[in-house]
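Architecture and fold: a report
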Amino acid sequence: MSAETSVADPGQFTRRRLQFRAWRGARPFWAGLYVMLSGLPIIYFPYFHLQIGHLTLAMATTAGAGSLIIGVLLIVLGISLWFQKHVRTFAGVAAILLALVSLPVSNFGGFIMGFLLALVGGAMAVSWAPGPPPQSEPPAGPVPGEGAAPDAAPLPHQAADGVHESYDLSGTSPANEANGRHSAG
């Protein structure tokens, strides 16, 4: 790079990548991806036909419809994790239950691949928690504890005749001479 070469402004690709990164960080993205991917082997293997020369090996089972339903539900749960993050607990538990049901129904859960992806994705969805909201800029004043005067507790409101108005609702303040005892009346 020479001195005459100008530095390029961030282009559309960089801007879109940063937007996607912000979108991905605000939801259980990887959990949704794993749950969606778990549906693919569960759907695929019961309908898979292996050709070896003139010999066809069919993997179809009597539970092909059940595998199709489980796989489609897992894909829909993964998409809902992406676009409706508030259903993360339900979708995670449902993905785990569907993974367990896929073991006997769909060739050991898509030969364990779909089963493991659904378990991991469901667990990630249940355990995901949204991050803290973005903080606004701090006030320009002095930071407490760095040479500024400590914050004083507010004083109770004083009436015009010099009597303090108490906000104590427990009835145990020294002003009413209860000495820490509650009165029944």
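Residues numbered from 1 in each chain as written. Predicted model: local features only at pLDDT ≥ 70, side-chain atom pairs only at ≥ 80, totals over all residues. Heavy atoms only, no water.

Brief notes about a nonpolar patch on the surface
Residues Y47, L68, V72 and V76 make up a contiguous nonpolar surface patch of about 340 Å² in total accessible area. Structurally, V76 is set in helix α3 (residues 64–83). (Patch = residues over 30% accessible without salt bridge, like charges linked within 9 Å, V, L, I, M, F, W, Y side chains within 5 Å. Areas by Shrake-Rupley, 256 points an atom, 1.4 Å probe, with all protein chains shown as cover. Salt bridge = Lys/Arg side-chain N within 4 Å of Asp/Glu carboxyl O. Helix = DSSP H or I, 4+ residues; strand = E, 2+ residues; numbered from the N terminus.)

As for helix α2 (residues 29–44)
In this model, α2 (16 residues) spans 23 Å end to end at C-alpha, consistent with the 22 Å of a helix rising 1.5 Å per residue. Residues of α2 that are buried sit in contact with α1 (12–25), α3, α4 (88–105), α5 (107–111) and α6 (113–127). (Expected span 1.5 Å × (residues − 1). Contact = heavy atoms within 4.5 Å.)

Digging into the nonpolar core
Core analysis: the largest hydrophobic core is formed by 15 residues, its most contacted members being V35, I70, L74, L77, L81, A95 and L98. Counting only elements with at least two residues in this core, the list comes to α2, α3, α4 and α6. The leading source of residues in this core is α4, at 5 residues. Not counting residues within four places of it along the chain, the set of residues in contact with L98 comprises I70, L73, L74 and L77. (Core = buried A, V, L, I, M, F, W, Y, C linked by side-chain atoms within 4.5 Å. Buried < 20%, exposed > 50% of the residue type's maximum accessible area, 1.4 Å probe, protein only.)

Topic: the confidence of the model for the chain
When pLDDT is averaged across the chain, the result is 78; 64% of the residues are at 70 or more. By mean pLDDT, strand β2 (residues 55–58) is the weakest element of the chain at 74, and α6 is the strongest at 95. (pLDDT = per-residue confidence, 0-100.)

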